Every structure is written in structure tokens, then in C-alpha cells.
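Listed below are the residues making up each chain.
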Amino acid sequence: QVQLIESGGGLVQAGGSLRLSCAASGRTFSSRAMGWFRQAAGKERESVAVINWNAGSTYYAESVKGRFTISRDNSQNTVYLEMNSLKPEDTAVYYCAADRLTYRTKLATTEWGSWGQGTQVTVSS
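All figures in this text were calculated on a predicted structure; none of them were measured in a lab.

Participant: How would you explain the environment of Gln1 if you had to name every residue and give the values?
Facilitator: Here Gln1 is to be found in the segment before strand E1 (4-7). Once you skip the residues sitting within four places of it in the chain, Gln1 turns out to touch Gly113 and Ser114.

Below is the structure:
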């Protein structure tokens, strides 16, 4: 299992930017796909962005395409979510997650085995 700790959340005005970080423990981080999810109050958790183990493939939810960028630094065991042009509807608790398996070849089959505790992002209008 991988232990994950998110940081970087906060309060920002609409149109602003935030960068979330997720630091992972363990020696298998670099071999696992990583994802960012969010859950707004009263809503189900949704996938925001996913990156495969070698950063060769990414996925974005339609609602964040062109505004959010997922990246990873395997030398630092960290995955990032750069969020620009933030909107009030981006307000949520953001979680990072690690794939249950290593060296998965298809992002669509990712199974999330480890989760962080979440970081709150609030976008004011």
C-alpha cells in the first residue's frame, strides 16, 4: 500500500489558480498510476485527472479540460494538480489516489487502492 498526503488547498477567487500536491510514501510510487478526485458537498466523488506510471498518458474530466494539468515527479514521489481559471463549481474536497496495481497499461482499467485524506478547495465568486 501507498500512503498519500495532499496539500495546497485553500480559498481562492474565481479565475485564480492553485497547485495541489500529493506526497507518497513507499518505493512503488513510480510504478503506479495516480489520480485526483473531488467530492463537493452533497455530491458523489468524481474523477478529475489521472496520470499513468510513466506520465505517458493522462485523462481529464470534461469539466476541467484546458484548465487543470496533472503531472508527477517520480524522483520526489509526488503528483501535482495545477488548477487554473478556477470556478465556484470547482469547490470540493480534493483527494489523490494510487493504483492498486503496478505498471498498468490501460488507464481505463485503473483500480484505486490507496487514498489520501483530502484537501479543501474553495472558490469564491
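Participant: Describe the pattern of salt bridges, naming the residues involved and giving the relevant values.
Facilitator: Counted according to the given criterion, the structure contains eight salt bridges. Between Arg19 and Glu82 there is a salt bridge, and its shortest N-O distance comes to 3.8 Å. With Arg19 in strand E3 (residues 18-24) and Glu82 in strand E8 (residues 78-83), this pair connects stretches of sequence that are 63 residues apart. For Arg19, a relative accessible area of 46% gives the class partly exposed. When the shortest N-O distance is used, the salt bridge between Asp99 and Arg104 registers 2.6 Å. Owing to a relative accessible area of 2%, Asp99 belongs among the buried residues under this scheme. Linked through salt bridges whose partners overlap, the residues forming this network are Arg38, Glu46, Arg67 and Asp90.

Participant: Report on the nonpolar core, specifying residues and quantitative values.
Facilitator: In terms of nonpolar packing, the biggest core is built from 28 residues, with Trp36, Leu81, Met83 and Tyr94 touching the most fellow members. Elements that contribute at least two residues to this core include exactly E3, strand E4 (34-39), strand E5 (46-51), strand E7 (68-73), E8, strand E9 (92-99) and strand E11 (119-124). Contact partners of Leu81, with chain neighbours within four places excluded, come to Leu18, Arg19, Leu20, Trp36, Val48, Ala49, Phe68, Thr69, Ile70 and Tyr94.

Participant: An account of the state of the cysteines is requested, with residue identities and associated values reported.
Facilitator: Considering all chains together, one arrives at one disulfide under this definition. Residue Cys22 pairs covalently with Cys96 via a disulfide, S to S 1.9 Å. Judged by the sign of its S-S torsion, about 50°, the bond between Cys22 and Cys96 is right-handed. Of this pair, Cys22 sits in strand E3 while Cys96 sits in strand E9, placing them 74 residues apart in sequence. The buried category is assigned to Cys96, whose relative accessible area is 0%.

Participant: So what's going on with unusual backbone geometry? Which residues, and what values?
Facilitator: Glycine aside, negative phi is the norm for most residues, and most peptide bonds take the trans geometry. Of note in this structure, Ala55 is not a glycine but carries a positive phi near 65°. Mapped onto the secondary structure, Ala55 falls in the loop between E5 and strand E6 (58-60). Backbone geometry at Ser85 places phi at a positive 50°, although glycine is not the residue there. Examined against the element boundaries, Ser85 turns out to sit in the loop between E8 and E9.

Thresholds, definitions, all that
- Residues numbered from 1 in each chain as written.
- Predicted model: local features only at pLDDT ≥ 70, side-chain atom pairs only at ≥ 80, totals over all residues.
- Heavy atoms only, no water.
- Helix = DSSP H or I, 4+ residues; strand = E, 2+ residues; numbered from the N terminus.
- Contact = heavy atoms within 4.5 Å.
- Salt bridge = Lys/Arg side-chain N within 4 Å of Asp/Glu carboxyl O.
- Buried < 20%, exposed > 50% of the residue type's maximum accessible area, 1.4 Å probe, protein only.
- Core = buried A, V, L, I, M, F, W, Y, C linked by side-chain atoms within 4.5 Å.
- Disulfide = S-S within 2.5 Å.

All we've got here are geometric facts, nothing functional implied.
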